[in-house]
Amino acid sequence: MMRKIILGAIFACGIFLLSDAFCAEALAPLHVEGNKVMANGKPIRLRGINWGWWQLEGTRYTENDMKRCAEWGANVIRLPFFWDRFVLPGTVQLDEQKVKAMDEVIGWAGKYGIYVILDMHDVPGGKAKEHCGIYKNKKDLSNFIALWQQFARRYGNVTTVAAYELMNEPDTLPNNHALYQKTVKAVIDGIRKVDSDKMLVVSGDDGSIHQTSLDKFAKQDDPNVLYTFHYYQGSWPADWLGNSGERDGVSGSLPWTWYERVYKLDHPEKSPAKVRLMLRSDVNSGTAWFDDVSVTDVKTGKVLGKWSFDKGPETFKKERGELPSEFYDKAVGHDAPGSLAVRGTTEYHGWISPEIPVRHGAELKVSGWIKTKNATGNSYLGICWMGLELMTRNSIRQALKTTAEFARKYNVPVFVGEFAVERQVGPEGYQARTTADRIAIFEELGYHWAYWNFRETTDPNTMALHAQRRDGKDYPINEPLLESLKGGWSLNKQVNPK
């Protein structure tokens, strides 16, 4: 342990030729004990921010940004990196000149007393789709392990580097959790041959999403693991919010039959700005046809959309892509030939309209004609809600029940590696308010967390705390968001080891 502290001090103070004489006391190495992360025998909570896109052209970070993070109270930087930016061309061998950029950032962090989590944001061959990349290609997996072994040799004794995050948002797609687990075990075993002490950050399969990622296949045998997921519920202005009408359909063999339903958009925590009309047929071994459909605002009587399909699908698209189950039938129609049809489905299939703007709290009447032949399951006209999901502390708490159950069941620590809400979501001030609410629930659950994102070359209405222009100049910092983050980071003073 003392050797690691001494080497960490040398790293922070000398190797990277820091710009002034200041040198922070070396950070204590971190490790997991039960459901806690420990430093010098005391529990520590990691509360910080992501330095996303730090090594990409256009987005620039400086030592002063690290200094600001320290002054605001953050104690960890999650540092996403793209592996191919640090290797010799055509190889997986680290390029000493290129890796100096990573050394420099870690040096800044050590100088200002901030931990770094190294997040390999992509991997050789890819980490999505179970039939390719590291899951099925032995060379890709071998290269992936070799890369982590090189980073582990380089930073294993650098205590500023708190952990290695194996990969960002893995997804076997379609999910093969057992294959994912086998792959992760191989990577962990490879790292442990080089570095037996460093804390590892591991996500479950399924893209690190909060609803499903942390399950039994995420649990590892290695005791020094911090488990992670990402929380982006209600984060964009046009999120999918849900569907209405799915259980209210027709089946059997029917002649052309009038179908009409009214759907209310009055959920207390969801504010749809747009909807799509869905012509759906679920688990239907027969055939269903849809024709002459419309959407009407009940209060105003305004027809928001009307389609006859006499000359083709018009603006409707197949819901499940180019599948033979969904087809245009030019010979069959209600008043005139031409209708949209669905045939022989094993799950939901259908057609969807373009986006339809709607009033908050509106009642929508959807109507049209349906014909069925030997149809099983449900065939119906429904709507898909799109827009804002305005979260409360209780709804956030409920959304994170699965992750909390995982933490309790296995007695392990959990890290929200990314969470954010765009500034343009909801009314003025909502971004700052819901960020504070999310942090409050993370604290209630005992989670470690890092906000996404500090800097982005984008406009100031997005997630970035401090957006940059394309010409390199800064937009004004997002002060309301900063105050919410500082409120969370201020808690670090109460728990950090002295």
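Residues numbered from 1 in each chain as written. Predicted model: local features only at pLDDT ≥ 70, side-chain atom pairs only at ≥ 80, totals over all residues. Heavy atoms only, no water.

(A) Focus on the nonpolar core. In terms of nonpolar packing, the biggest core is built from 89 residues, with Trp-51, Met-102, Leu-118, Trp-148, Tyr-155 and Tyr-231 touching the most fellow members. It is helix 4 (residues 138-155) that contributes the most residues to this core, 8 residues altogether. In this structure Leu-118 touches Leu-79, Phe-81, Met-102, Ile-106, Trp-148, Tyr-155, Val-161, Ala-163, Tyr-164 and Glu-165, once residues within four positions along its chain are discounted. Of all hydrophobic cores here, the second largest spans 28 residues; its members include Tyr-263, Ala-288, Phe-290 and Ala-362. (Core = buried A, V, L, I, M, F, W, Y, C linked by side-chain atoms within 4.5 Å. Buried < 20%, exposed > 50% of the residue type's maximum accessible area, 1.4 Å probe, protein only. Helix = DSSP H or I, 4+ residues; strand = E, 2+ residues; numbered from the N terminus. Contact = heavy atoms within 4.5 Å.)

(B) Seen up close, the packing of aromatic side chains. For the structure on display, the rule yields 26 aromatic pairs. A centroid spacing of 5.4 Å and a plane angle of 85° characterise the contact between Phe-419 and Tyr-451, whose relative ring orientation is edge-to-face. Of the two residues, Phe-419 is situated in strand 21 (residues 414-419) and Tyr-451 in strand 22 (residues 448-451); the sequence distance between them amounts to 32 residues. Above the ring of Tyr-259, the side-chain terminus of Arg-261 is found at 4.0 Å from the ring centroid. Its guanidinium or amino end placed over the ring of Trp-289, Lys-371 lies 5.3 Å from that ring's centre, counting from NZ or CZ. (Phe/Tyr/Trp six-rings, centres within 6.5 Å; stacked < 30°, edge-to-face > 60°. Lys NZ or Arg CZ within 6 Å of the ring centre and 35° of its normal.)

(C) View of the pattern of salt bridges. Here the structure, examined in full by the defined rule, presents 22 salt bridges. A salt bridge links Lys-486 to Glu-483, with the shortest nitrogen-to-oxygen separation between them at 3.6 Å. Here Lys-486 and its partner Glu-483 are both found in helix 9 (residues 479-489), 3 residues apart, which amounts to about one turn of the helix. Relative accessible area serves as the criterion here: at 45%, Glu-483 is assigned to the partly exposed category. Among the ionic contacts, a cluster of salt bridges with common partners joins Asp-65, Arg-68, Arg-455 and Asp-474. (Salt bridge = Lys/Arg side-chain N within 4 Å of Asp/Glu carboxyl O.)

(D) Structural view of the pairing of strand 8 (residues 199-203). With 5 of 5 residues buried, strand 8 is to be regarded as a mostly interior element. Both strand 7 (residues 161-165) and strand 8 contribute to a ladder of 3 bridges, which runs parallel. When the bridges of strand 8 are listed, Glu-165 appears paired with Val-201. Following the backbone out of strand 7, through helix 5 (residues 177-192) and into the adjacent parallel strand 8, one traces a crossover that is right-handed. Where strand 8 meets strand 9 (residues 225-231), 4 bridges bridge the pair, whose relative direction is parallel. Paired with Val-202 across the two strands is Tyr-227, which belongs to strand 9. (Pairing = 2+ DSSP bridges. Right-handed = clockwise from strand over helix to strand, strands pointing away.)

(E) Local environment of the pairing of strand 1 (residues 30-33). Of the two faces of strand 1, the one holding Leu-30 and Val-32 is buried and the one holding His-31 and Glu-33 is not buried anywhere. Relative to strand 2 (residues 36-39), strand 1 runs antiparallel, the two sharing 4 bridges. What sits directly across from Glu-33, in strand 2, is Lys-36. The turn joining strand 1 and strand 2, which pair antiparallel and follow one another in sequence, is formed by 2 residues; a positive phi near 60° is taken by Gly-34.

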